[in-house]
Amino acid sequence: DGYLAAAKQILETSATIRAGIEAIPELRLLGHSLIVHAFTADEFDIYRVMDFMSKRNWGLNGLHKPSCIHFCVTYLHTQPGVAERFIEDLQEAVTYVKKHPADDGGMAPVYGMAATIPMRGMVSDILKRYIDKIYEV
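Residues numbered from 1 in each chain as written. Predicted model: local features only at pLDDT ≥ 70, side-chain atom pairs only at ≥ 80, totals over all residues. Heavy atoms only, no water.

Participant: For this particular structure, what's the right way to read the sheet that holds strand 4 (residues 68-72)?
Facilitator: Strand pairing in a sheet takes place through backbone hydrogen bonds and is either antiparallel or parallel in direction. If you trace the four strands from one edge of the open sheet to the other, you get 1-2-4-3, paired in antiparallel fashion. The sheet is open, and its two borders are formed by strand 1 (27-30) and strand 3 (61-63), each paired with just one other strand. Taking the axes of each pair of neighbouring strands and ignoring which way they run, one obtains an average angle of 35 degrees across the sheet. Bridge analysis of strand 2 (residues 36-41) against strand 4 gives four bridges, and the strand direction is antiparallel. Within the sheet, the bridge partner assigned to His37 lies in strand 4 and is Phe71. (Pairing = 2+ DSSP bridges. Helix = DSSP H or I, 4+ residues; strand = E, 2+ residues; numbered from the N terminus. Axes fitted to C-alpha atoms, helices over the stretch in contact; angles between N-to-C directions.)

Quick look at the structure:
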């Protein structure tokens, strides 16, 4: 019963968040999932939205081909007011990025550069070497 109740709360919260993303005209949802929402923007760098949201302590993940970010709704997000705060922060992020499209800092430049490399294997090689380097003994 507890599992079913938690699953119901996650699905309801996820539907609220999806509707909130859909209500932001500058964002475009990709696909349709019950709990993972991937979205992009055609007018600005979506990775800058990810950077803004990170500063608000939201854990979004950047993806490539197409350039987008995604968010997975979990049980933690079902707490009262969390979905609404996510949507408000996302709207603020979009507004900010539209007004400041070239702000420095964050991961946006890295994701943007990686997305433009035509040889996809090169990105993997660089990331493997980076991981090797940071865990070097």
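Next comes the rest of the account.
Participant: In this structure, what is going on with the pairing of strand 2? I would like to understand it.
Facilitator: Along a regular strand, successive side chains alternate from one face of the sheet to the other. Among the six residues that make up strand 2, five are buried, leaving the element largely enclosed by the rest of the structure. Across four bridges, strand 1 lies against strand 2 in antiparallel orientation. Within strand 2, the residue paired with Arg28 across the bridge is Thr40. Hairpin remark: strand 1 followed by strand 2, antiparallel, with five residues in the connecting loop; positive phi at Gly31, about 75 degrees. (Buried < 20%, exposed > 50% of the residue type's maximum accessible area, 1.4 Å probe, protein only.)

Participant: What is the right way to read a nonpolar patch on the surface from this model?
Facilitator: A cluster of nonpolar side chains, namely Leu11, Leu34, Ile35 and Val36, defines an oily patch on the protein surface of about 320 Å² accessible area. Within the secondary structure, Leu11 is located in helix 1 (residues 2-22). In this structure Leu11 comes out as partly exposed when scored by relative accessible area, which is 40%. (Patch = residues over 30% accessible without salt bridge, like charges linked within 9 Å, V, L, I, M, F, W, Y side chains within 5 Å. Areas by Shrake-Rupley, 256 points an atom, 1.4 Å probe, with all protein chains shown as cover. Salt bridge = Lys/Arg side-chain N within 4 Å of Asp/Glu carboxyl O.)

Participant: Looking at this model, I keep getting lost on helix 2 (residues 46-55). Mind explaining?
Facilitator: For an α-helix, the turn length of 3.6 residues means that residues three or four places apart are oriented alike. With eight of its ten residues buried, helix 2 lies for the most part within the structure. Among the residues of helix 2, those classed as buried are Ile46, Tyr47, Arg48, Val49, Met50, Asp51, Phe52 and Met53. With a side-chain oxygen positioned 3.0 Å from the backbone nitrogen of Tyr47, the residue opening helix 2 is Asp45. Of the residues one or two after helix 2, Asn57 is the one with positive phi, at around 70 degrees. (Polar contact = N/O pair within 3.5 Å; in protein donor to acceptor, adjacent residues only side chain to side chain.)

Participant: What is the right way to read the pattern of salt bridges from this model?
Facilitator: Oppositely charged side chains can pair when the atoms bearing their charge come close. In total, this model carries seven salt bridges according to the counting rule given. The partner of Arg18 in a salt bridge is Glu22, and the shortest N-O contact between them spans 3.7 Å. Taken as a pair, Arg18 and Glu22 lie in helix 1 at a separation of four residues, close to a single helical turn. The buried category is assigned to Arg18, whose relative accessible area is 11%.

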